[in-house]
Amino acid sequence: MTSSSLEHLARIAYEAHRGAHSTSLPPWEDTSEQDQLAWKAAVSAVAAQTGGTLVEEAGPTRPLIIQVGDERLSFSTTFTAGRQGNLAITDEFASSHHCRFQISHGLWFIVDLGSTNGTVLNGRRFRAPQHLKKGDKVKIGRTVMTVVSA
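These remarks concern the structure in this document. (Residues numbered from 1 in each chain as written. Predicted model: local features only at pLDDT ≥ 70, side-chain atom pairs only at ≥ 80, totals over all residues. Heavy atoms only, no water.)

Considerations on the overall build of the protein
Spelled out, the test is: Strands here are runs of E lasting at least two residues and helices are runs of H or I lasting at least four, both read from the DSSP assignment and numbered beginning at the N terminus. To sort residues, take the accessible area from a 1.4 Å probe on protein chains only and compare it with the maximum for the residue type: under 20% means buried, over 50% means exposed, and anything in between is partly exposed. Contact criterion: two residues are considered in contact whenever any of their non-hydrogen atoms come within 4.5 Å of each other. Note on areas: these come from Shrake-Rupley sampling with a 1.4 Å probe, and a residue is covered only by the protein chains present in the view.
Scanning the protein from N- to C-terminus turns up two helices and eleven strands. Helices and strands in the protein line up, N terminus first, as α-α-β-β-β-β-β-β-β-β-β-β-β. Buried positions account for 38% of the 150 residues belonging to the protein. When contacts within the protein are restricted to residue pairs at least 6 apart in sequence, long-range pairs at least 24 apart make up 42% of them. Looking at the protein as shown, the accessible area adds up to about 8400 Å², and 50% of this sits on carbon and sulfur atoms.

Focus: the pairing of strand β2 (residues 71-75)
How we decide: Being paired, for any two strands, means DSSP has found at least two bridges between them.
Bridge count between strand β1 (residues 64-68) and β2: five bridges; the pairing is antiparallel. In the strand pairing of β2, Q67 is matched with R72. In this structure, the hairpin formed by β1 and β2 is closed by a connection of two residues, where G69 is found at a positive phi of approximately 65 degrees.

Quick word on the sheet that holds strand β6 (residues 107-112)
In any sheet, the strands associate via hydrogen bonds between backbone groups, in a parallel or an antiparallel arrangement. Taken in spatial order, the five strands make up an open sheet running β4-β3-β5-β6-β9, and their pairing is mixed. Edge strands, defined here as strands with exactly one partner in the open sheet, are β4 (87-88) and β9 (130-131). Bridge count between strand β5 (residues 99-104) and β6: six bridges; the pairing is antiparallel. Looking at β6, one finds that C99 is bridged to D112.

Here we look at the nonpolar core
Quick note on the threshold: The nonpolar core is taken to be a set of buried Ala, Val, Leu, Ile, Met, Phe, Trp, Tyr and Cys residues, with the residues joined through side-chain atoms within 4.5 Å.
Ranked by size, the top nonpolar core spans 21 residues in total, and within it F101 and L132 carry the most contacts. Counting residues per element, the ones that place at least two in this core are β1, β2, β3 (79-82), β5, β6, β10 (137-140) and β11 (143-149). The leading source of residues in this core is β5, at three residues. Not counting residues within four places of it along the chain, the set of residues in contact with F101 comprises L64, I66, T78, F79, A81, W108, F109, I110, L132, V138 and M145. In terms of nonpolar packing, the next biggest core, distinct from the first, is built from five residues, A10, Y14, W28 and V43 among them.

Notes on unusual backbone geometry
Of note, the phi angle at N122 is positive, near 50 degrees, even though the residue is not glycine. Residue position: N122 is located in the loop between β7 (119-121) and β8 (124-125).

Looking at the sheet that holds β10
Taken together, six strands build an open sheet; the order of strands is β2-β1-β11-β10-β7-β8 and the sheet is antiparallel. In this open sheet, the two strands that pair with only one neighbour each are β2 and β8. Two strands pair when backbone bridges link them, and β10 and β11 are joined in this way by four bridges, in the antiparallel orientation. Considered in β11, the bridge of I140 is made with T143.

Right under this line is the structure:
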């Protein structure tokens, strides 16, 4: 999937959401860049779940550095966190594949993978992909990690 088709699908998904939403939402063109990136990340996550292949825009991306307890971990590519994830979390309240950390358009996002107990970012459970930034606190079960650099 190319970057332009990703944007096209994100726009379609957003407009469908907008049409089904009970309150007034702005058209795609009037949404913030961060909202558009979140919708693109959501479409990217769905494509990955269904076996679609994404072609990301070239360009340097800063690694995601996460502090978990006394351990500082660095990631340069998309990864999952959970009891059986690339980032293994030993926590009875974490799902096997709890969430995905992914790069979209040079930015890091976190996507909950339908986990039983949800993923919490800065004290709030979320359903749509969320952009990560330095200082963010991610809670999976009882495990809390801090974004050191994104």
